[in-house]
Each structure stands twice: as structure tokens, then as C-alpha cells.
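Residues per chain, in single letters:
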Amino acid sequence: MPYTHPKDERVTVISGTLYLGTGEKFDEKMGKALPAGSYGRTASGMKHFGWVKGETVLQLHGEGPWAVEYLDPKGDPRKGK
């Protein structure tokens, strides 16, 4: 589900592939494949979403404090089903 962060997010793909898309709605066609060795950045407040297919190792880095704000609270996986 799409979300934002209060600070810039930086991600390095260590292994596998991360798919990263932007926008207010999840749309797999909008995702860009970031294979191992790739670097991605989303600006603070940018509406985005990401997913993986198979085992993928990421390194997330940025400034704190950190937060994840889902555009639709019903899509927040931290709240269970």
C-alpha cells in the first residue's frame, strides 16, 4: 500500500530485486525494478510503494526520527487483518 515518510528515504539493494513505484494507488505497472547493486531515493512526503518477488535484502538509510504513514490506514500491515 502507498505510504510516505517525514524524511528522505534511501535504499540500497544488496541482493534480489526491489520494485519501487510512486503515486497514491498501488499499481504494479508503475513499479521500476531495482536489481542488486541499485540505489533508490524517495523525497520526504513522496507517495510511494514497494514490493519484492522472492528473497531480497535491502539496506535502508536516512535521518531520524523515522515514521511510515500509510495513505489508507486500512492498508497498514502493522494493524493486522
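Scroll up to find the structure.
Description of the structure in this document. Please read these numbers as outputs of a predicted model, since none were measured by experiment.

1. Quick look at the overall build of the protein
Of the regular secondary structure elements, the protein holds zero helices and eight strands. Secondary structure elements of the protein occur, N-terminal to C-terminal, as β-β-β-β-β-β-β-β. On C-alpha atoms alone, the protein measures out to a radius of gyration of 12 Å, which is about the 12 Å that the 2.2 N^0.38 rule sets for 81 residues. Residues counted as buried form 30% of the 81 residues belonging to the protein. Across the protein, contacts joining residues at least 24 apart in sequence account for 75% of those joining residues at least 6 apart. Total accessible area on the protein stands at roughly 5,400 Å², and carbon and sulfur atoms take up 53% of it.

2. Digging into the layout of surface pockets
Its volume calculated, the largest pocket comes out at about 150 Å³. Tyr3, His5, Glu9, Val11, Leu18, Leu20, Gly50, Val52, Leu58, Leu60, Trp66 and Val68 together form the lining of the largest pocket. Listed by contribution, the elements that provide at least two residues to the lining of the largest pocket are strand S2 (9-15), strand S3 (17-22), strand S6 (48-52) and strand S7 (57-61). Split into classes, the residues belonging to the lining of the largest pocket amount to nine nonpolar, two polar and one charged.

3. Considering the packing of aromatic side chains
Per the stated rule, a full pass over the model turns up five aromatic pairs. Where Tyr3 meets Tyr70, the ring centres are 5.5 Å apart and the plane angle is 55°; that geometry is what we call tilted. Placement of Tyr3 in strand S1 (residues 3-4) and of Tyr70 in strand S8 (residues 69-70) is noted, with a sequence separation of 67 residues between them. Assessed through its relative accessible area of 16%, Tyr3 is described here as buried. Here Tyr70 falls in the buried class, since its relative accessible area comes to 19%. Through a chain of ring-to-ring contacts, three or more aromatic side chains come together here, namely Tyr19, Phe26, Phe49 and Trp51.

The rules behind the values
- Residues numbered from 1 in each chain as written.
- Predicted model: local features only at pLDDT ≥ 70, side-chain atom pairs only at ≥ 80, totals over all residues.
- Heavy atoms only, no water.
- Helix = DSSP H or I, 4+ residues; strand = E, 2+ residues; numbered from the N terminus.
- Rg over C-alpha atoms; globule rule 2.2 N^0.38 Å.
- Buried < 20%, exposed > 50% of the residue type's maximum accessible area, 1.4 Å probe, protein only.
- Contact = heavy atoms within 4.5 Å.
- Areas by Shrake-Rupley, 256 points an atom, 1.4 Å probe, with all protein chains shown as cover.
- 1 Å grid on protein atoms, 1.4 Å probe; cavity = no way out; pocket = protein on both sides within 12 Å on 5 of 7 lines; lining within 4 Å.
- Points joined across faces, edges and corners; volume = space filled by probe spheres on them.
- Nonpolar A, V, L, I, M, F, W, Y, C, P; charged D, E, K, R; others polar.
- Phe/Tyr/Trp six-rings, centres within 6.5 Å; stacked < 30°, edge-to-face > 60°.

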